[in-house]
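# A look at the structure
Each chain, letter by letter, is given below.
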Amino acid sequence: MEKEIKITYNWSRDDGKDIDKEHEEALEESAQERIFEMIKEGYRGGELNDRIRMNDKDGEDGVGYSGWWSLLISTL
């Protein structure tokens with residue numbers, strides 16, 4: 001038996017601006033933590049939400065991001 005598992009996810013800023021380069025690593029970690037948590041609960045897709053604050057230019061509440069993820073399992 002051989003299977004392939006493909007996880008796809010994306011992020012976008014809630015204000016429509018481009019994603020800050022310095023936020024990319026934090027968003028990647030956030031997505032992976034949430035996705036693996038939800039997979040353990042039996043989900044195959046869902047929403048992603050986070051607020052990132054790396055420095056003062058991100059504002060007091062940080063920058064809001066939203067996205068989605070999906071899981072595809074294929075038999076090879």
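In case you missed it, the structure is sitting above this.
Our subject in this report is the structure included herewith. (Residues numbered from 1 in each chain as written. Predicted model: local features only at pLDDT ≥ 70, side-chain atom pairs only at ≥ 80, totals over all residues. Heavy atoms only, no water.)

## Brief notes about the overall build of the chain
A tally of regular secondary structure across the chain gives 1 helix and 3 strands. For the chain, the succession of helices and strands along the chain, N to C, is β-α-β-β. Since a compact globule built from 76 residues should have a radius of gyration of about 11 Å, the 15 Å found for the chain marks it as more spread out than a globular shape. Considering only C-alpha atoms, the chain reaches an extent of 50 × 20 × 20 Å along its principal axes. Every one of the 76 residues in the chain was classed for burial, and the buried ones make up 25%. For the chain, restricting intrachain contacts to residue pairs at least 6 apart in sequence, the fraction spanning at least 24 positions comes to 62%. Accessible area of the chain: about 5600 Å², with a carbon and sulfur share of 45%. Mean positive and mean negative side-chain charge positions of the chain (11 and 20 charges, respectively) differ by 4 Å. (Helix = DSSP H or I, 4+ residues; strand = E, 2+ residues; numbered from the N terminus. Rg over C-alpha atoms; globule rule 2.2 N^0.38 Å. Buried < 20%, exposed > 50% of the residue type's maximum accessible area, 1.4 Å probe, protein only. Contact = heavy atoms within 4.5 Å. Areas by Shrake-Rupley, 256 points an atom, 1.4 Å probe, with all protein chains shown as cover. Lys, Arg positive; Asp, Glu negative; His and termini not counted. Charge placed at Lys NZ, Arg CZ, Asp CG, Glu CD.)

## Side note on helix α1 (residues 24–40)
In an α-helix, one turn spans 3.6 residues; hence positions three or four apart end up facing the same way. With 17 residues, α1 extends 24 Å from end C-alpha to end C-alpha; this agrees with the ideal 24 Å at 1.5 Å per step. Those residues of α1 not exposed but buried are L27, S30, A31, I35 and M38. One face of α1 carries all of its buried residues, which in axial projection span an arc of 125 degrees. Away from the buried face of α1 by more than 90 degrees, exposed residues E25, E33 and K40 are located. In this fold, the buried residues of α1 make contact with β1 (3–13), β2 (45–52) and β3 (63–75). Following α1 by one or two positions, G42 has its phi on the positive side, about 100 degrees. (Expected span 1.5 Å × (residues − 1). Arc of directions from axis to C-beta.)

## Here's the deal with the nonpolar core
Side chains of nonpolar character tend, in soluble globular proteins, to be buried together. With 11 residues, the main nonpolar core is built from W11, L27, A31, I35, M38, L48, I52, V63, Y65, W69 and L71. Residue assignment for this core shows that the elements contributing at least two residues are α1, β2 and β3. (Core = buried A, V, L, I, M, F, W, Y, C linked by side-chain atoms within 4.5 Å.)

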